[in-house]
Amino acid sequence: MHELSVARALLRQVERLAGEHRALAVRGVTVRIGPLSGVEPGLLARAFPRAAAGSVADGAELRIESVPVRVHCEDCGAEGEAAPNRLACPACGSLNTRLAGGDEMLLVSLELETSDV
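Source: prediction; values computed, not measured.

Cut-offs and rules
Residues numbered from 1 in each chain as written. Predicted model: local features only at pLDDT ≥ 70, side-chain atom pairs only at ≥ 80, totals over all residues. Heavy atoms only, no water. Salt bridge = Lys/Arg side-chain N within 4 Å of Asp/Glu carboxyl O. Helix = DSSP H or I, 4+ residues; strand = E, 2+ residues; numbered from the N terminus. Expected span 1.5 Å × (residues − 1). Buried < 20%, exposed > 50% of the residue type's maximum accessible area, 1.4 Å probe, protein only. Arc of directions from axis to C-beta. Contact = heavy atoms within 4.5 Å. Pairing = 2+ DSSP bridges. Axes fitted to C-alpha atoms, helices over the stretch in contact; angles between N-to-C directions. Lys, Arg positive; Asp, Glu negative; His and termini not counted. Polar contact = N/O pair within 3.5 Å; in protein donor to acceptor, adjacent residues only side chain to side chain.

### Details of the pattern of salt bridges
- Enumeration according to the criterion identifies seven salt bridges in this entry.
- Residues Glu61 and Arg63 are paired through a salt bridge, measuring 3.0 Å at the closest nitrogen-oxygen approach.

### Considerations on helix α1 (residues 2-20)
- With 19 residues, α1 should cover 27 Å at 1.5 Å per step; its first-to-last C-alpha distance of 28 Å lies within 8% of that length.
- Considered for burial, the residues of α1 that qualify are Glu3, Leu4, Val6, Ala7, Leu10, Leu11, Val14 and Ala18. The arc that holds the buried residues of α1, viewed along the axis, is 150°, so those residues lie on one side.
- Contacts made by the buried residues of α1 are with β1 (25-33), α2 (41-52), β2 (61-66) and β6 (105-113).
- A positive phi of about 50° marks Arg22, the residue just after α1.

### Here's the deal with the sheet that holds strand β3 (residues 69-73)
- Taken in spatial order, the three strands make up an open sheet running β4-β3-β5, and their pairing is antiparallel. At either end of the open sheet lies a strand with only one pairing partner, and these are β4 (79-82) and β5 (97-101). Geometrically, the sheet is characterised by an average inter-axis angle of 40° between neighbouring strands, direction not taken into account.
- Alignment of β3 against β4, held across four bridges, turns out to be antiparallel. Residue pairing for β4: Arg70 is matched across the bridge by Glu81.

### Thoughts on the side chain of Glu3
- Positionally, Glu3 belongs in helix α1.
- For Glu3, which is buried and forms no salt bridge, the nearest opposite charge comes from Arg46, at a distance of 8.4 Å.
- At 2.8 Å, the side chain of Glu3 and the backbone nitrogen of Glu40 are in polar contact.
- Residues contacting Glu3, with those up to four places away along its chain left out, are Gly38, Val39, Glu40, Leu43, Leu44 and Ala47.

What follows is the structure, given as structure tokens:
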């Protein structure tokens, strides 16, 4: 399962950040995933608890935010949302576009438990 390796890579990033902040535990992880990222959100949600088991993020809630595909038109200069299977300019319909978003998977935030000392 591809998403298990993605979850493990995400966990390495989470553990590094938790260590930098001397966190006792990670309670929540928020990621932003675009439809062209190659990551299936539902499969990642199922893989994350397995990857996090026994780690500082064991039991953490994984929150997934979806982002739309966005394109920039090289003809008219407009930028806007497009369908994942048709990267046409939403303003003029041109196919002379470049991807401006929707292919990312980003770690947005962590909810950390730290000591009060």
